[in-house]
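The chain contents come next:
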Amino acid sequence: MKNPFASSRRTLTYAIAASLTLASTASLAQSTTGSIFGQVAAASGTSVQIKSNTGIARTVTVDDRGRYVATELPLGVYTVSLLRNGAVVDTRDNINLHVGAGTEVSFNEAAAKNLGAVNVTANAAPPIDVTSVDSRTVITSKQLAQLPLLRSAEAIAQLAPGVVNNSGGYTGPTGQSLVSFGGSAASENAYYINGFNVTETQRGMGGLTLPYGAIEQEEIYTGGYSAQYGRSDGGVINMVGKRGSNEWHAGAQVLWEPDFARANGTNTYYTNGLPNSPIAGNLYDPSSKNHQWTRTYDAYVGGPLIKDKLFLFLAGETSTQDGTTVNSVSNAQPYVRYNNTLPKWYGKLDWNITDSNILELTGASNREQTQGTIYSYNYNTLQPGHVIADADRIKTGGDLYTAKFTSYITDNLTLSALYGKMRLDNYDVPGGYDGSLTYLTGIQYQNPALNGGIPVSNNQVVKSLYNPNRHNQGNNLRIDLTYQLGQHTISAGIDNQNASAIDQGSQASGPGYYWQYAYTTTPTAALIPSLGVGAPANYPDGASGYYAIKNVNSSIASVRSAQRAQYVEDKWQVTDRWLLSLGLRNDQFTNYNADSQPFIRQTRPQWAPRLGFSWDVFGDASLKVYGNVGRYYLGMPLNPALNAAGAYVSTQQYYTYGGIAADGTPTGVTAFSNAVSSNNTYGILPDPRTVTASNLKSEYQDEFILGFTKAIDNQWVYGAKFTRRILRNVIDDYCDVQTIENKAAALGYTVNATNSCYLINPGRENIFTVIDANGSYRSVPLTNAEMGFPQMKRKYYALETFLEHPFDGKWYGKVDYVFSRSYGDTEGQLRSDIQQTASSTSIDWDFPALMSSSNGAQSNDHTHQFKLFGYYSITPQWLVSGTVQLASGNPRNCLGYYGPDQTDPDGYGSFYHWCGGQPSPPGTHRLPWFKQVDVGVTYLPPVPAGRLALSLNVFNLFNSQAILNAYPYYQISPGTPDPLYGSAVTRQQPRYVRLTATYDY
């Protein structure tokens, strides 16, 4: 029997989607569109007309069960009318769509008879979206205007449960701090703008983002998305930009973050003794002397060029940051006065060619330009001195241009095609470069007997040189076909992406090398026996333990990749209450080296099934139970083509020295090693057939989700969800070539040459291809046990609960809590604890000793996470808002020399999971809780026309400056403590204030 309370329950839940949307339709993930569906009394001659505020009009039929659906609708405000024999009998107005979500608009015929012409106007929002099987949060432009948030896509994403700021201090193309989803690495996320993939392709570090005021909605996926999309095993940030409508609107905004209202940072001090030549006692980094002030100008205009036909929206933003930074005592750029400019723009043209054909053109740009002046600095008096040089002129970020065509071929068949191009620049040219000087590092470890206890340096501030043409570029083609066949919504399509990294890499400045000073308390012991680096005491001037390292680095190349995918998906409305989503995706990846030769061909089928369900328990969208099981493949970034598959040089040669020249370079040097490399990186481009294990598989992850969402009445919504993620496969580099050579010899092969490192699947058997003395290719299999590794593991589970009060005209609020664990012996593509940026070629898995005691809590693990945010309208003129984030601390690792005897078997120094001769698994120690409270107040004064708003936001109200990443290295040599161990590498930003004036007309 039909639920007699269905109608009343549906009415009570209409306001829910004015708050954050927690689920979406599986067939529209990361899209720019939404859908409208509903139930009516089935009768002959019944249809539904859907018309937007931009003039788009569609009429769809009602099936014999009284259901209708209209998919692929551009975001906007819609009027939905029930037609009987062509005449309007009932109407719903002001229906706002959410990106990727299904909005229910049903008609109750009995109510229509009783009320005459029922007309539901403003605030008529849909109930819980029962057409979804995934996990997502949607933040609308109205909410962005109310909440105190940093102006970045990543800051918005942190409103979603389980999303945290990354622990490695990683930043995106224009300096924005990146985020971690569900314990994954910060490089494993995907970014979209208006359906176009804008993820940075070289390392996967962030992507292009929109001007803050141009964001119509931001969709944050935390799991379970459609087979239409892939290439992520972290999360997805999808930004949908605003578009013009049939009314002209314009506005402007001015923001100011004054330096006088910014709290001082916290200084960093040596925590574990002092270096031999301290510069300012125990002071290492005087962050309290940093200053910054920011001015931002934002403007937009949008409206019809031809009413109901052609629409334009333009937005521009420029932000200027001026300030001073005092770097650490070991930095070659001690004091910098800088000027950063961050220009952004966005433009969109929408053309309703006919009611059945739509063309959308999008352009966007997001850049950062940095320049400045470098000064000397007296760390004892904390005062700047003379000018050393101009800082590097740096330009990052880039542009994108896309075109999307949508054709509603019939009421049941929709075709969409999207093509776009993107370019990201990495321009970095020294402002004042003296090539005759040699870069120095570690000068605090100079022999004090040779420098009088005061480190000697020079004015070389440039460590690396880059090609001015350095940039990344890519294109993306998507073709999607959707067909409504009875109770089935069937989708199929392709998703093809090409990416290139042009002139990437760098070379050492000056004479082509730089000097690094170092010290050991055991000078009679060989430093790295496996590489032939002996004991300093066996050479002149080495008995004191002081030595220097000549570092040679060179790697500039262009590489590319091709990624292809096909999918098919059926969204099957089994009954009025049960929906099944059945999807299958096939991904293929090909990567090319600097000679355009493929070294990875993963073109055989890589099936990624996506299975989900949604159960509308009472049939009135007041309680939804949902679940999802899916596999997600991640294409390898371009970075490994530049190192493991590239001809790069990275060598070190060790010297004793008897003096220090006036320019800080060592004199009277005696080499006690050849030019060595723990990774055999001597500048030889490897044969592409030997770079990877011949049985190499792509990185992929399996995910399991089960949850529910419940609307109590029109006042509250609550829910819970359990998530389980298991990383099944990962790609990293393996550098233990001796083990490969030994196995080859056991098989009877005389190996002529081996690579520096090989790309493998850790935790599995890998089959290596080597070249024997006759030039023939030979296969050398190594089991995981023969390689000496543990089983590869990264697992994540989370229990999420939330309670939400939808906006009722007075206030909105949401609180959620996540209990989670991210554990195993790999973080994935990165190593956040050591801030390593070499995606898919991390220090993990290079040698067995590096993975000893590696199993534990991973870097982005936060056991407890609390989030609370909302706003309250005190009066029509005054509104207060706030966000609170509390998270238990992530691991603080201790890395030292290997084993109880504290040796260095692989030449990596203090990088092993051993601390003072004791095993030190990740998670043995923890950092303090992260606590962030941001508040805001807005005043809306009456004005003759338009709308004026004046706002004051205070970020980090209580000025918590928790350590987010701690220096992990326990010693600089066996028995020699590292003075920085446990000190802050990155901290929470100090408190600061933002003043804002906004005018909309």
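Residues numbered from 1 in each chain as written. Predicted model: local features only at pLDDT ≥ 70, side-chain atom pairs only at ≥ 80, totals over all residues. Heavy atoms only, no water.

Asker: Just to check I follow, could you spell out the overall build of the chain for this structure?
Answerer: Along the chain, the regular secondary structure elements total 8 helices and 60 strands. The C-alpha radius of gyration of the chain comes to 30 Å, within 12% of the 30 Å expected for a compact globule of 1001 residues. Projecting the C-alpha coordinates of the chain onto the three principal axes gives extents of approximately 105 × 70 × 45 Å. Here the chain holds 1001 residues, and the buried ones make up 60% of them. Taking contacts inside the chain between residues at least 6 apart in sequence as the whole, the part at least 24 apart equals 73%. Surface exposure of the chain reaches about 35800 Å², of which carbon and sulfur atoms provide 55%. For the chain, the separation between the mean place of its 70 positive charges and that of its 75 negative charges on side chains is 4 Å. (Helix = DSSP H or I, 4+ residues; strand = E, 2+ residues; numbered from the N terminus. Rg over C-alpha atoms; globule rule 2.2 N^0.38 Å. Buried < 20%, exposed > 50% of the residue type's maximum accessible area, 1.4 Å probe, protein only. Contact = heavy atoms within 4.5 Å. Areas by Shrake-Rupley, 256 points an atom, 1.4 Å probe, with all protein chains shown as cover. Lys, Arg positive; Asp, Glu negative; His and termini not counted. Charge placed at Lys NZ, Arg CZ, Asp CG, Glu CD.)

Asker: I'm lost on the sheet that holds strand β15 (residues 236-241) in this one. Help?
Answerer: Strands belonging to one sheet form pairs held by backbone hydrogen bonds; the direction of such a pair is parallel or antiparallel. The 5 strands are arranged β9-β14-β15-β12-β13 in an open sheet whose pairing can be described as mixed. Either end of the sheet is taken by a strand with one partner, and the two such strands are β9 (135-140) and β13 (196-197). Bridge count between strand β12 (residues 190-193) and β13: 2 bridges; the pairing is antiparallel. Its bridge partner lying in β13, Y192 is registered against N197. (Pairing = 2+ DSSP bridges.)

Asker: Please explain the nonpolar core as it appears in this structure.
Answerer: Note that soluble globular proteins tend to have their nonpolar side chains buried in a common cluster. Judged by nonpolar contacts, the single largest core of 43 residues is most densely connected at I156, V198, I220, I237 and L400. Those residues in contact with L400 that sit more than four places away from it in its chain are I193, F196, V198, L208, T362, G363, A364, K421 and M422. (Core = buried A, V, L, I, M, F, W, Y, C linked by side-chain atoms within 4.5 Å.)

Asker: Got a minute to help me understand the environment of Y939 in this structure?
Answerer: With respect to the helices and strands, Y939 occurs in strand β54 (residues 930-939). The spacing of Y939 and W878 is 61 residues in sequence and 4.8 Å in space, taken between C-alpha atoms. Aside from chain neighbours lying at most four places away, what touches Y939 is Q877, W878, L948, A949 and L950.

Asker: Can you walk me through the packing of aromatic side chains in this structure?
Answerer: Aromatic ring pairs are described here by two measures, namely the spacing of the ring centres and the angle between the planes. Enumeration according to the criterion identifies 43 aromatic pairs in this entry. Seen from their ring centres, Y513 and W515 are 6.0 Å apart, and the 85° between their planes marks the pair as edge-to-face. A network of ring pairs unites the aromatic residues Y734, Y758, F768, F789 and W845 as a single cluster. Between K624 and the ring centre of Y626, over which it is positioned, the NZ or CZ distance is 4.5 Å. (Phe/Tyr/Trp six-rings, centres within 6.5 Å; stacked < 30°, edge-to-face > 60°. Lys NZ or Arg CZ within 6 Å of the ring centre and 35° of its normal.)

Asker: Would you mind going over the pattern of salt bridges with me for this structure?
Answerer: Opposite charge on two side chains lets them pair, provided their charged atoms get close. Taken as a whole and judged by the stated rule, the model has 31 salt bridges. R136 is the salt-bridge partner of E219, the closest N and O atoms lying 2.1 Å from each other. Highlighted residues: E219 in strand β14 (residues 215-223) and R136 in strand β9, separated in sequence by 83 residues. Side by side, E219 and R136 carry an identical accessibility label, which is buried. (Salt bridge = Lys/Arg side-chain N within 4 Å of Asp/Glu carboxyl O.)

Asker: For this particular structure, what's the right way to read the pairing of strand β21 (residues 335-354)?
Answerer: Each regular strand displays side chains that alternate between the two surfaces of the sheet. Bridge analysis of strand β20 (residues 310-326) against β21 gives 17 bridges, and the strand direction is antiparallel. Across the sheet, the residue bridging to Q321 is N340, located in β21. Alignment of β21 against strand β22 (residues 357-378), held across 17 bridges, turns out to be antiparallel. Opposite Y346, over in β22, you have A364 as the bridge partner. Here β21 hands over to β22 after 2 residues, the two strands then running antiparallel side by side.

Asker: I keep staring at helix α7 (residues 737-746) and nothing clicks. Help me out?
Answerer: Spacing of three or four residues puts side chains on the same side of an α-helix, whose turn is 3.6 residues. Among the residues of α7, those classed as buried are V737, I740, K743 and A744. Seen end-on, α7 carries its buried residues on one side only, within an arc spanning 125°. Seen from the open side of α7, the exposed residues pointing more than 90 degrees away from its buried face are A745 and A746. Remark: G748 follows α7 within two positions and exhibits a positive phi of approximately 90°. (Arc of directions from axis to C-beta.)

Asker: Sorry, what's going on with the state of the cysteines here?
Answerer: As used here, a disulfide is simply a covalent bond connecting the sulfur atoms of two cysteines. The final tally for this structure, using the stated rule, is 2 disulfides. Put simply, C735 and C757 are joined by a disulfide, and their sulfur atoms are 2.0 Å apart. When the S-S torsion is 100°, as for the bridge of C735 with C757, the disulfide is right-handed. Taken together, the residues span a long stretch of sequence, with C735 in the loop between β42 (732-734) and α7 and C757 in the loop between β43 (751-753) and β44 (758-760) at a distance of 22 residues. Both residues of the pair, C735 and C757, count as buried. (Disulfide = S-S within 2.5 Å.)

Asker: Help me understand the pairing of strand β41 (residues 717-729) in this model?
Answerer: In terms of residue burial, β41 counts as a mostly covered element, since 10 of its 13 residues are buried. As defined by bridge partners, strand β40 (residues 699-711) adjoins β41 across 12 bridges and the pair is classed as antiparallel. The residue bridging L706 from the neighbouring strand is F722, located in β41. Adjacent in sequence and paired antiparallel, β40 and β41 are bridged by 5 residues. Of the strand pairs in this sheet, β41 and strand β47 (residues 794-805) are connected by 10 bridges, and their pairing is antiparallel. Residue pairing in the sheet places I726 in a bridge with K795 of β47.

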